[in-house]
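The residues making up each chain are set out below.
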Amino acid sequence: MSETRSSLHGEWSSGMIFVLAATGSAVGLGNLWRFPYLVGENGGAAFVIIYLLCILLVGLPIMIAEITLGRRGKRSPINSLRSVALEEGRSANWALLGWLGVAAGFLILSFYSVVGGWALSYVLQSLLGTFQGITSDSSTHLFETLVASPFSVLGWHTLFMLLLFGIVAMGVRKGLQRAVTILMPLLFVLLILLVGYGMAASGAFQEAMAFMFQPDFSAVEGGTVLTAMGQAFFTLSLGMGAIMVYGAYLPKHESIPHSAGWIVGMDTITAILAGLAIFPIVFAVGLEPGEGAGLVFITLPIVFGEIPFGYLLGLLFFVLLSVAAITSGMSLLEPATSYLTERRRDGSRLKAAAIISSLIWLLGVACGLSLNALSGITVLPGMNIFDSLEYISNDIMLPLGGLLIAIFVGWRMRLSSVVGELGVNENGALFKLWLVVTRFVAPAAVILVFANATGLFELFG
Ligand code: PHE
């Protein structure tokens, strides 16, 4: 039974380290790259408010459910689901939910690593001083040249995967834990420096505050709510087992609801701080916030090329982006690596990590090449390999995984097991609230996102 099972991979040395690692997973390209441009494209404050509601109503309860499941199982997501399902008198086929997560991790990491590689390459560009005096045309050209060159894209992607492999191969304590204890404080210091600059020096901080916090609901369109919800899933790393496997390494007596509150809070604060770091400098030089996916890689270098201390700030920003991408990438690699380690007779994590990293690297090569040499190949109608993988994993697999996790923990586990794992009082008001949200509100909301993402609504016109 789960009471006597212990993790084969070791444990975090404290609940705080778990919070740090899970925050490292959550805070990534989703916060620093995707969130600011979504705010920019979707009219600012109104989007921010809807996003915050999604985080609270769907993200937080599913985060608690996913950690609960992980710590109950104490194994890779596949094996945790199998053993917990059997203990609860349910079908061993729930392990398929673990497989869904492992597959999602493969797909997400293959394009995540390509973008993580761009972040690394922009660290080098900042060091070389490339952004000094750069024009809008030359910034666009710089980014397009990088993306158009198979050699550069694959080189940086390879470097990014090698870093992740190195960290994950060293295991929970020596690899993951050591990486987050060094990288996460660095990340927060860098972010605070950038926000500090935005407040003190740019002269456009008020404008950025108004843009992010004074809502104009006329800017909200039908798709806005659903975009906000999809972003809530992606940014919290939910629905694919990353948080579950980190939860498996959480020591027994640490509180799950408290940890989840911290992770969700820190992720949300980081996204807001990223906005407050980026928009003042964008407004200060009179650029538009709605630039889309190019905001970070095309617009920001122009800004860094113009403002005082731009050399240093640009360097800080791209180091920050790379660090955030690495701590998220680790968690994308861990579910599959932990599973293969459990399966191997020799129990070698090094070999397991090498095999999984190579496979994901290969898929990432296809993603990287789909932006240049293989751009003619489409997988889903009208989408190249990169966009297809992003769509299938973010818009379909994560919401589906999150939905099934909420259903399993909310409906298929005994209440006594859930209460025991959470260490709470069954009659407590907060527990009851969580249970209702996990059983009804979160699944209903996810079904809406899912229906939207797959175009189901259009069928009903
Ligand atoms: N949460 C990460 C980010 O915001 C991405 C991620 C998704 C990581 C799913 C792990 C699992 O960048």
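The paragraphs below set out a description of the structure included in this document. Remember, it's a predicted structure, so these values are computed and weren't measured experimentally.

## Quick look at the pattern of salt bridges
Right, on to step 1. Under the defined criterion, the tally for this structure stands at eight salt bridges.
Right, on to step 2. One salt bridge connects glutamate 87 with arginine 5, and the closest N-O pair in it is separated by 2.9 Å. Of this pair, glutamate 87 sits in helix H4 (residues 77–87) while arginine 5 sits in the segment before helix H1 (15–26), and the two are 82 residues apart along the sequence. Considered together, glutamate 87 and arginine 5 belong to a single accessibility category, that of buried residues.
Right, on to step 3. As a salt-bridge pair, glutamate 88 and arginine 414 come within 3.7 Å of each other at their nearest N and O atoms. Taken together, the residues span a long stretch of sequence, with glutamate 88 in the loop between H4 and helix H5 (95–128) and arginine 414 in the loop between helix H16 (385–412) and helix H17 (415–422) at a distance of 326 residues.
Right, on to step 4. Exposure remark for glutamate 88: the relative accessible area of 5% places this residue in the buried category.
Right, on to step 5. You can call arginine 414 partly exposed: its relative accessible area is 42%.
Right, on to step 6. If you follow the salt bridges from partner to partner, you end up with Arg71, Arg72, Lys252 and Glu421 in one network.

## Details of the environment of serine 80
Right, on to step 1. The topology assignment puts serine 80 in helix H4.
Right, on to step 2. The spatial distance from the C-alpha of serine 80 to the C-alpha of tryptophan 99 is 11 Å, given a sequence separation of 19 residues.
Right, on to step 3. In this view, serine 80 contacts Gly70, Gly73, Lys74 and Arg75; residues no more than four positions away in its chain are not counted.

## Observations regarding H17
Right, on to step 1. Turning to H17, its buried residues number three or more, namely Ser417, Val418, Val419, Glu421 and Leu422.
Right, on to step 2. One or two positions beyond H17, positive phi appears at glycine 423, with a value near 65 degrees.

## Let's talk about a nonpolar patch on the surface
Right, on to step 1. A cluster of nonpolar side chains, contributed by Ile49, Leu53, Leu56, Leu57, Phe217, Trp411, Val436, Phe440 and Val441, occupies part of the molecular surface with about 830 Å² of accessible area.
Right, on to step 2. Breaking the nonpolar patch down by element, the ones donating at least two residues are helix H3 (45–73) and helix H18 (429–453).
Right, on to step 3. Looking at the nonpolar patch, the element that brings in the most residues is H3, giving four residues.
Right, on to step 4. Structurally, the position occupied by leucine 56 is in helix H3.

## Details of the packing of H5 against helix H7 (residues 150–169)
Right, on to step 1. Running from N to C, H5 and H7 cross one another at 105 degrees; their axes reach a closest spacing of 7 Å. Between H5 and H7, the angle falls in the class roughly perpendicular. For the pair H5 and H7, contact is made by Leu109, Tyr112, Ser113, Val114, Gly116, Gly117, Trp118, Leu120, Ser121 and Leu124 and by Val153, Trp156, His157, Leu159, Phe160, Met161, Leu163 and Leu164, respectively.
Right, on to step 2. Taken together, the residues of the contact of H5 with H7 sort by class into 13 nonpolar, five polar and no charged.

## Re the site of the ligand
Right, on to step 1. Taken together, 14 residues surround the ligand, and among them Ala26, Leu29, Gly30, Tyr112 and Phe234 come closest.
Right, on to step 2. Take serine 25: an N or O atom from its main chain is 3.3 Å from a nitrogen atom of the ligand.
Right, on to step 3. Calculation on the ligand without its partners gives an accessible area of 330 Å², and the protein chains cover 100% of this total.
Right, on to step 4. Those elements that place two or more of their residues in the shell around the ligand are H1, helix H2 (29–41), helix H10 (222–235) and helix H14 (310–343).
Right, on to step 5. A breakdown of the residues in the shell around the ligand according to their chemical character gives six nonpolar, eight polar and no charged.

## Focus: the packing of aromatic side chains
Right, on to step 1. Under the counting rule described, the total for this entry stands at 26 aromatic pairs.
Right, on to step 2. Ring centres 5.1 Å apart and planes at 80 degrees place the aromatic pair tryptophan 12 and tyrosine 246 in the edge-to-face group. You can see tryptophan 12 sitting in the segment before H1 and its partner tyrosine 246 sitting in helix H11 (residues 242–248), a full 234 residues away along the chain. Neither residue differs from the other here; tryptophan 12 and tyrosine 246 are each classed as buried.
Right, on to step 3. Measuring from centroid to centroid gives 5.5 Å for phenylalanine 143 and phenylalanine 297, while their planes differ by 10 degrees, and the two rings are stacked. With phenylalanine 143 in helix H6 (residues 136–148) and phenylalanine 297 in helix H13 (residues 295–306), the pair connects residues that are 154 residues apart, well separated along the chain. Each member of the pair, phenylalanine 143 as well as phenylalanine 297, is classed as buried.
Right, on to step 4. Lying over the aromatic face of phenylalanine 234, arginine 34 brings its terminal NZ or CZ to 5.7 Å of the ring centre.
Right, on to step 5. It is arginine 439 that lies over the ring of tryptophan 411; its NZ or CZ is 4.8 Å from the centre.

## Some words on the nonpolar core
Right, on to step 1. Counting 161 residues, the largest nonpolar core has Phe297, Phe318 and Met330 as its most contacted members.
Right, on to step 2. Among the elements that line this core, the one with the most residues is H5, at 18 residues.
Right, on to step 3. When neighbours within four sequence positions are excluded, methionine 330 is seen to be in contact with Leu164, Ile167, Val168, Leu176, Ala179, Val180 and Tyr246.

## Considering the packing of H13 against H14
Right, on to step 1. Two numbers describe how H13 lies on H14: the axes approach to 9 Å, and their chain directions differ by 155 degrees. In terms of orientation, H13 lies roughly antiparallel with respect to H14. Residues Val296, Phe297, Leu300, Pro301 and Phe304 of H13 touch H14, and the partners they reach there are Gly310, Tyr311, Leu313, Gly314, Phe317, Phe318 and Leu321.

## Some words on the side chain of histidine 9
Right, on to step 1. Relative to the helices and strands, histidine 9 is located in the segment before H1.
Right, on to step 2. Those residues within four positions of histidine 9 in sequence are excluded, and the remaining contacts are Val172, Tyr249, Ser338, Thr341, Glu342 and Arg349.

## Some points on the side chain of threonine 268
Right, on to step 1. Within the secondary structure, threonine 268 sits in helix H12 (residues 256–284).
Right, on to step 2. Assessed through its relative accessible area of 11%, threonine 268 is described here as buried.
Right, on to step 3. Dropping the residues within four chain positions of it, threonine 268 is found in contact with Leu52 and Ile55.

Rules of the game
- Residues numbered from 1 in each chain as written.
- Predicted model: local features only at pLDDT ≥ 70, side-chain atom pairs only at ≥ 80, totals over all residues.
- Heavy atoms only, no water.
- Salt bridge = Lys/Arg side-chain N within 4 Å of Asp/Glu carboxyl O.
- Helix = DSSP H or I, 4+ residues; strand = E, 2+ residues; numbered from the N terminus.
- Buried < 20%, exposed > 50% of the residue type's maximum accessible area, 1.4 Å probe, protein only.
- Contact = heavy atoms within 4.5 Å.
- Patch = residues over 30% accessible without salt bridge, like charges linked within 9 Å, V, L, I, M, F, W, Y side chains within 5 Å.
- Areas by Shrake-Rupley, 256 points an atom, 1.4 Å probe, with all protein chains shown as cover.
- Axes fitted to C-alpha atoms, helices over the stretch in contact; angles between N-to-C directions.
- Parallel < 35°, antiparallel > 145°, perpendicular 65-115°, else oblique.
- Nonpolar A, V, L, I, M, F, W, Y, C, P; charged D, E, K, R; others polar.
- Near = heavy atom within 4 Å.
- Polar contact = N/O pair within 3.5 Å; in protein donor to acceptor, adjacent residues only side chain to side chain.
- Phe/Tyr/Trp six-rings, centres within 6.5 Å; stacked < 30°, edge-to-face > 60°.
- Lys NZ or Arg CZ within 6 Å of the ring centre and 35° of its normal.
- Core = buried A, V, L, I, M, F, W, Y, C linked by side-chain atoms within 4.5 Å.

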